[in-house]
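# Close look at the chain arrangement
Below, each chain spelled out in residue letters.
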Amino acid sequence: MHSIPEGLPADEVIARLDALRTDDVRWREGRAFSLAYSAGPEVERVAAEAHRRFATENALNTDAFPSLRTIQSEVVAIVAGWLAAGPDGAGFMTSGGTESLLLAVKGSRERGRRERGITQPNIVLPTSAHAAFEKGCHYFGLESRRVAVGPDWRADVDAMADAIDENTVLVVGSAPQYPQGVIDPIPDIAALAAERDINCHVDACMGGITLTFLRRLGHEIPPWNFEVPGVTSISVDLHKYGYSTKGASVLMHRTKTLRSYQTYVTDNWLGGLYGSSGILGTKGGGPMAAAWAVMHLLGDEGYLELTARARGACDRLAALLEDIDDLELRARPEVTLIAFGAADPDRFDVYALADALWRRGWYLDRQGPPASLHCTVNAVHADHLDEFEVDLRAAVAEVRGSGSTGSTGAYGSID
Ligand SMILES: *Cc1c(COP(=O)(O)O)cnc(C)c1O
């Protein structure tokens with residue numbers, strides 16, 4: 001039991017919270033290659049201040065908070081521009097990538113039911129597509145048809161075509177996919193959907209902002225957004241490369257009609273008409289205001305600079321990993337994600353390497369199959385790669401020949 005009969009002084013409360021953070025990864029110092037993103041103290045300060053001002057405001061009903069209606073529509077309009085959504089494009093802010101993907105799955109189920117009377121819907125997606133699609137199928141009663149990726153880790157479009165049947169309501173591609181960081185062939189996947197008049201979701205939770213600005217920086221980027229015919233929806237997370245506080249993503253649809261399948265309205269209770277755009281009821285204004293604030297603080301110039309820094313750091317890290325004989329890149333990084341494994345998995349355990357790095361204060365994602373480590377490289381890393389190189393080389397030397405093995409860890413935890 002943990003009871004607090006008398007309250008504590010405010011300073012004491014905050015001091016205790018700070019004490020709890022002692023062992024947390026030091027992401028502001030570039031030590032998290034996962035989970036947290038940093039564009040530096042000024043962006044963090046403005047985001048936190050905006051978040052604080054709207055922390056108790058509620059976007060469940062924007063009649064009471066017209067500020068949040070405006071904030072949401074302006075954030076969505078900016079993202080619509082990034083994604084080349086046309087004049088009929090429509091979206092909502094959500095609490096994160098997972099909610100965006102859940103709603104993409106739910107929306108496709110709804111569309112299949114209403115337009116084609118489908119009662120046993122399935123979705124067809126590569127094995128690389130995010131776990132949240134699986135969660136969506138589980139929550140909303142769809143069958144998940146996972147199709148093996150090709151040797152380059154990209155979606156195998158012919159195999160996806162074979163997996164589609166008359167009950168398929170959604171096909172998925174990612175830009176990039178999380179595990180190996182490569183971009184799926186979106187035009188080919190979208191063509192599968194267009195031929196059948198079904199939904200095609202592009203999961204750009206990770207890459208939506210980076211790809212937009214890499215292209216403006218002159219990088220050769222394969223087509224992935226609404227310029228591709230057949231793409232019906234795209235998700236972009238603002239709490240990743242938008243560098244905002246946690247709890248902000250956008251799910252954008254090509255048309256208002258497609259968006260209508262995402263929303264929910266009922267009056268079948270005693271409390272009156274209840275409508276909601278997403279999974280949440282009460283929807284905190286904090287992440288919405290913070291996203292708006294960071295987007296306005298940075299502007300295109302800010303995102304161009306942060307994108308260039310993140311990409312530069314990613315290239316440097318990839319070169320460092322290639323220089324270490326014990327390690328092997330899974331793929332050339334195409335955006336800002338890097339996955340790597342052991343050159344000889346029988347003699348070198350990458351999870352032991354992750355343990356050795358964590359003892360030195362660096363957090364990398366562990367994933368598989370095959371056993372790999374994963375780095376989400378963002379702007380903050382540009383200034384910390386020298387320290388990382390020293391510790392990485394030391395950790396590799398420690399693991400090499402030690403025969404030690406590490407634990408597999410997890411992308412997400414349930415305790
Ligand atoms: C992060 C991510 C998600 C899930 O987003 P959350 O914000 O963690 O819920 C989905 N897809 C991709 C590609 C991601 O990188």
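Residues numbered from 1 in each chain as written. Predicted model: local features only at pLDDT ≥ 70, side-chain atom pairs only at ≥ 80, totals over all residues. Heavy atoms only, no water.

In this section: the domain arrangement of the protein chain. Taken domain by domain, the protein chain comprises domain 1 (48–296) and domain 2 (299–398). Centre-to-centre separation of domain 1 and domain 2, based on C-alpha positions: 28 Å. With 27 residues of domain 1 at the interface, the matching set in domain 2 holds 24 residues. Buried area between domain 1 and domain 2, both sides added, is near 2200 Å², and the carbon and sulfur share of it is 63%. (Domains from an automatic or database assignment. Contact = heavy atoms within 4.5 Å. Buried area = accessible area lost by both parts, 1.4 Å probe.)

With seven of seven residues buried, strand 4 (residues 168–174) is to be regarded as a mostly interior element. In the sheet, strand 2 (residues 122–126) pairs with strand 4 via three bridges, with the strands oriented parallel. Within strand 4, the position partnered with asparagine 122 by the bridge is threonine 168. Note that strand 4 and strand 5 (residues 199–203) share five bridges and pair parallel. The residue of strand 5 that forms the bridge with valine 172 is histidine 201. Crossover handedness for the path strand 4 to helix 7 (residues 186–196) to strand 5: right-handed. (Buried < 20%, exposed > 50% of the residue type's maximum accessible area, 1.4 Å probe, protein only. Helix = DSSP H or I, 4+ residues; strand = E, 2+ residues; numbered from the N terminus. Pairing = 2+ DSSP bridges. Right-handed = clockwise from strand over helix to strand, strands pointing away.)

What follows covers the sheet that holds strand 5. An order of 1-7-6-5-4-2-3 is seen for the seven strands of this open sheet, with the pairing classed as mixed. What marks the edges here is a single partner per strand, and that holds for strand 1 (90–94) and strand 3 (143–147). Adjacent strand axes in the sheet meet at a mean angle of 20° when their direction is disregarded. Strand direction decides the pairing type here: strand 1 and strand 7 (residues 249–253), joined by five bridges, are antiparallel. Its bridge partner being in strand 7, alanine 90 is matched across the sheet by histidine 253. (Axes fitted to C-alpha atoms, helices over the stretch in contact; angles between N-to-C directions.)

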